[in-house]
Amino acid sequence: MYIPDHGERYHIIRKTFFANMISYIIASLTSSIGSLIDGIVIGQCLGVDSMAAFGLVSPVIIVFSLFGAIIASGARNRFTLLIGGGDQDGAKGVFTLSLLMGVGMSTILMAGIFIFSTPVCTLLGATGSAANLLDKSRGYLLGLAIGLPAMNGVRVMNAYMAIDNDRKLSVISSIVVTVVDVVLDLVVAFVIHGDTFEMGLATSISHYAALLVLLMHFRRKERLLRFSLKAIRRSEILPVLTKGMPMGVARVSNTVRCILLNQMMAGMIGAAGCIAAYSVQRQADSLLNGFIFGLTDTVLMLTGILVGEQNRPTLRRLLKTSFRAVGSVVLGISALLWIFSPQFASFFIKDAPRETLAYAVNATRCYAVAMPLYALNVVFSEYTEGRGKSHVSLVLKFCSEGGYIVLMAIALRPIIGVNAIWVAFPAAQVLQMLTIAAIIVVQNAKLRLKPTNFWKWYMALPTDFDVPKEDRLDRTVNSHEQVIALYRAVRAFCAAHGCDERRKYFIALAVEELATNSLQTGFRPEKHNTIDVRILKKDDDYIVRFRDDCEIFDPVKQLQLYDKDVPLHHMGLRMAIASARSVQYTTILKLNNLVLRV
Amino acid sequence: MSNTVFELNGKILTVKPDGELDSMTSPIFEKELRQHLSGVDSIVVDFEKVNYISSAGLRVFLAVEHTLEAQGAEMKLIHVNEHILEIFDLVGFMDVVAVE
């Protein structure tokens, strides 16, 4: 019996995808604007030497944030896999471990910076003819170092907020960082007439404020995230670090790429103009990569969960949705950037020679062309990483963020001269696409797959990933009529698999009762809520999985509240759950997830 | 559920529902049943042809039992299959409605 989907537009995965993407973009844009204002205030109010000290210390910020980024990325990857696989205790342990590692390592780093601040600044360049910058750069470094535990604590906490139904708090914390930082910057510049140490301290204080905001997440008891030393498994330390390595490699690769390209340009005629034009391209990247990473980060998060569940059709739906998002959102932004590139370039380099402005416009347009290609490439590398293939993702990120860009710049320079610097970015993305295609071909060959369509080829999943099509039933419902049709289809499904009469009855009953309960309690038609039901026949078990985006409701907890002296209390829920061998409820990404084994 | 059979013998009503009593068919069944309640002293519901009942169906019988109590009548369910009996036992249904 066919139960039609009420519309791709309102599918749970699509809605969750865009909700997460938008939250990430807002948080990222807010953060980028904050950094931009930091640089403007220092440059405009504190003077050239302070700006130079800021420039010397800035690369260290990337290193500071590296630990937090690696741990946050790796831990979340493990967390989503464990949650998808039903291991809640393991997931709590990973969360606790990631906080301890992030904050702990930052505290040690902070102590190290306080001890070795002078040699570090000398190494960064406050030496020789720039020795006069030592005090100012040391001041900025120390001011920032105070905030290290908070910076990485925020990074780690933010990685989990969407999963634990608190996307808004992540956005609020980003806004808090920016607002507090800007306000304190202005206080330093115009009220106390401070210098670089005070500016660094302002950034640190803003991150402690953000951390306090994020700690409010725990005020609600129903949170999945819980600090639990008992749940820590030492065996998770290495996976957390290795799963986070691709993120670390991407950042280091990005930084090294900039240094190498700057060095290439330093040897060219008109070097200052070239470097200025390239920095405009980097400003475009800094401001707009939030759109790409909002999209791809959501792919990574959802892939982890869906791989943990071994859910092939929903994984395909996720990838289709991400491709559509690239085709709409990213392509739209890149088109706007292309059109407004002269204005964009002029904003950053005022009173520049015509040639420099022309370079900057070209650089911006090259970034605009590269954006959709880059987004598609990162979708694949995040999908790969979400599946646990960190080694492949690591190589892809190295190539995409640095390796191929430098290679193309070197290869194209004899042909197109200085334009090779910015043409290298889109050219590298084309090369990356060819690499990805080759990887997919190899993956399919290794698994001896003969894919019959693009998505089967792209996903390259082993044949035993998910149960065969005939052993599963996937439906989306949003009305009582559809629930009735579904439970009858479930009875037919069970009968077709030789299920005994008792189990057939209880499985169908569970589907009718739980789906009806969702419709009656948290369902809001105006919000286009949907309920996804999945029944799997796996070995001797029947696994029934409900996922909906209705109001958060834990039926297991609700049953625990029922008054045994009031007969027939929560009758439907009791009938549905009592027959199950195991029942597990989680709420992640603002979705109710209930799994029964019957 | 349009093929429920109602047989009135004096003041004893025999009801023979057929198939499923789920959240869609139960309201129809209840409406039909209530049309036969007045003046009845006893209702016997024969579950021989009922292969499925959910909480919606159980609520119909609970509501009808309440109505019958008020009019001094009684109801019992007979020929209930083992799976449905298990459901009744799970929720304590038999403490309220007589089942043979």
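Residues numbered from 1 in each chain as written. Chains lettered and ligands numbered in written order. Predicted model: local features only at pLDDT ≥ 70, side-chain atom pairs only at ≥ 80, totals over all residues. Heavy atoms only, no water.

Caption draft 1: Representation of the nonpolar core in the model. Membership of the largest hydrophobic core comes to 113 residues, with the highest contact counts inside it found for A:Phe79, A:Tyr160, A:Leu295, A:Leu315, A:Tyr383 and A:Trp422. The dominant element in this core, judged by the number of residues it contributes, is helix α9 (residues 271–309) of chain A, at 17 residues. What A:Trp422 contacts, discounting residues up to four positions off in sequence, is A:Cys274, A:Ala277, A:Tyr278, A:Gln281, A:Tyr359, A:Asn362, A:Ala363 and A:Cys366. Ranked by size, the runner-up nonpolar core spans 70 residues in total, among them A:Cys499, A:Ala580, B:Ala73 and B:Phe93. (Core = buried A, V, L, I, M, F, W, Y, C linked by side-chain atoms within 4.5 Å. Buried < 20%, exposed > 50% of the residue type's maximum accessible area, 1.4 Å probe, protein only. Helix = DSSP H or I, 4+ residues; strand = E, 2+ residues; numbered from the N terminus. Contact = heavy atoms within 4.5 Å.)

Caption draft 2: Local environment of unusual backbone geometry. Despite not being glycine, A:His528 shows a phi value in the positive range, around 55°. Of note, A:His528 is situated in the loop between α17 (501–520) and β2 (531–538). Overall, A:His528 belongs to the partly exposed group, its relative accessible area being 32%. Even without being a glycine, B:His79 presents a positive backbone phi close to 55°. Looking at where B:His79 falls in the secondary structure, it is placed in the loop between β6 (74–78) and α3 (82–91).

Caption draft 3: Spatial organisation of the interface of chain A and chain B. Taken residue by residue, the interface counts 20 residues in chain A and 22 residues in chain B. The junction of chain A with chain B conceals about 2,000 Å² of combined surface from both sides, 62% of it contributed by carbon and sulfur atoms. Inspection of the region where chain A meets chain B yields 4 salt bridges. Measuring nitrogen to oxygen at the nearest pair gives 2.6 Å for the salt bridge that ties A:Arg502 to B:Glu86. Summed over the shared surface of chain A and chain B, the result is 11 residue pairs in polar contact (both at pLDDT 80 or more). Of all the secondary-structure elements, those providing two or more residues to the side of chain A that touches chain B are α16 (480–496), α17 and α19 (571–578) of chain A. Broken down by element, the residue count for the side of chain A that touches chain B peaks at 9 residues, all from α17(A). For the side of chain A that touches chain B, a count of residues per class yields 10 nonpolar, 2 polar and 8 charged. (Buried area = accessible area lost by both parts, 1.4 Å probe. Salt bridge = Lys/Arg side-chain N within 4 Å of Asp/Glu carboxyl O. Polar contact = N/O pair within 3.5 Å; in protein donor to acceptor, adjacent residues only side chain to side chain. Nonpolar A, V, L, I, M, F, W, Y, C, P; charged D, E, K, R; others polar.)

Caption draft 4: Fine view of the pairing of strand β3 (residues 541–548) of chain A. Residue and element names in this part refer to chain A. Of all 8 residues in β3, 8 are buried, a share of seventy percent or more. The side-chain alternation of β3 yields two buried faces, one formed by Asp541, Ile543, Arg545 and Arg547 and the other by Tyr542, Val544, Phe546 and Asp548. Pairing of β2 with β3, which is carried by 8 bridges, proceeds in the antiparallel orientation. Paired with Ile531 across the strands is Asp548, a residue of β3. In textbook terms, the turn of a hairpin is the stretch between consecutive antiparallel strands, and for β2 and β3 this stretch comprises 2 residues, one of which, Asp539, has a positive phi near 55°. Two elements, β3 and strand β5 (residues 591–597), share 6 bridges in a ladder whose sense is antiparallel. (Pairing = 2+ DSSP bridges.)

Caption draft 5: Quick peek at a nonpolar patch on the surface. On the surface, A:Ile175, A:Val179, A:Val183, A:Leu186, A:Val187, A:Phe190, A:Val191 and A:Ile192 cluster together into a nonpolar patch covering about 690 Å² of accessible area. Its place among the elements puts A:Ile175 in helix α6 (residues 167–191). (Patch = residues over 30% accessible without salt bridge, like charges linked within 9 Å, V, L, I, M, F, W, Y side chains within 5 Å. Areas by Shrake-Rupley, 256 points an atom, 1.4 Å probe, with all protein chains shown as cover.)

Caption draft 6: The arrangement of the environment of A:Arg365 in detail. All names here are of chain A. Secondary-structure assignment places Arg365 in helix α12 (residues 354–386). For the pair Arg365 and Ala27, spaced 338 residues apart in sequence, the C-alpha to C-alpha distance is 25 Å. Every residue in contact with Arg365, bar those within four places of it in the chain, is listed here: Trp338, Ile339, Ser341 and Pro342. Of note is the side chain of Arg365, whose polar atom sits 3.1 Å from the backbone oxygen of Trp338.

Caption draft 7: Highlighting helix α4 (residues 134–145) of chain A. Residues and elements named next belong to chain A. Its 12 residues place the ends of α4 16 Å apart at the C-alpha level, agreeing with the 16 Å of an ideal helix rising 1.5 Å per residue. Inspection of α4 places Ser137, Gly139, Tyr140, Leu141, Leu142, Gly143, Leu144 and Ala145 among the buried residues, and these make up the whole buried set. Tucked into the core, α4 has its buried residues touching α1 (12–46), α2 (48–84), α3 (88–124), α5 (148–161) and α7 (196–215). (Expected span 1.5 Å × (residues − 1).)

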